[in-house]
Amino acid sequence: MAESLTPKLKKILVVAGCSLERQGKGDHEIWYSPITQRRFVVDSAIKSRHTANAVLKQAGLPKEF
């Protein structure tokens, strides 16, 4: 089984200036991006590179996975 991409994804988000706003439902977190000025959801165990890249896109960042 593939390892979770979430730890690397969170590092990229923090470096870009995004911040954790609050805990969402279940194992999801609500993050805020100063680039897009929008909130987006980050799952605690993202296994798919497509999902990880979709989160980066919502944050206004280029693909990394």
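Residues numbered from 1 in each chain as written. Predicted model: local features only at pLDDT ≥ 70, side-chain atom pairs only at ≥ 80, totals over all residues. Heavy atoms only, no water.

Draft legend 1. The arrangement of the side chain of Thr6 in detail. With respect to the helices and strands, the residue Thr6 is situated in helix α1 (residues 6–15). Polar side-chain contacts of Thr6 include one of 3.3 Å to the backbone oxygen of Asp43. Ignoring any residue separated from it by four or fewer positions in sequence, one finds Thr6 in contact with Val42, Asp43, Ser44, Ala45 and Ile46. (Helix = DSSP H or I, 4+ residues; strand = E, 2+ residues; numbered from the N terminus. Polar contact = N/O pair within 3.5 Å; in protein donor to acceptor, adjacent residues only side chain to side chain. Contact = heavy atoms within 4.5 Å.)

Draft legend 2. Looking closely at helix α2 (residues 49–58). Among all positions of α2, only Ala52, Asn53, Val55 and Leu56 are buried. Axial view of α2: buried residues confined to an arc of 155°, hence all on one face. More than 90 degrees from the buried face of α2, the exposed residues found are His50 and Lys57. Near the N-terminus of α2, the side chain that reaches the backbone nitrogen of His50, with its oxygen 3.1 Å away, is that of Ser48. (Buried < 20%, exposed > 50% of the residue type's maximum accessible area, 1.4 Å probe, protein only. Arc of directions from axis to C-beta.)

Draft legend 3. Quick look at the environment of Val14. Structurally, Val14 is set in helix α1. The spatial distance from the C-alpha of Val14 to the C-alpha of Trp31 is 10.0 Å, given a sequence separation of 17 residues.

Draft legend 4. Expanded view of the side chain of Ser33. Topologically, Ser33 is positioned in strand β2 (residues 28–33). We classify Ser33 as buried; its relative accessible area is 0%. Of note is the side chain of Ser33, whose polar atom sits 3.2 Å from the backbone nitrogen of Ile35. Within the local environment of Ser33, its side chain forms a polar contact with the backbone nitrogen of Thr36, the two atoms lying 3.3 Å apart. In this structure, Ser33 is in contact with Cys18, Arg38, Phe40 and Ala59, ignoring residues within four places of it in sequence.

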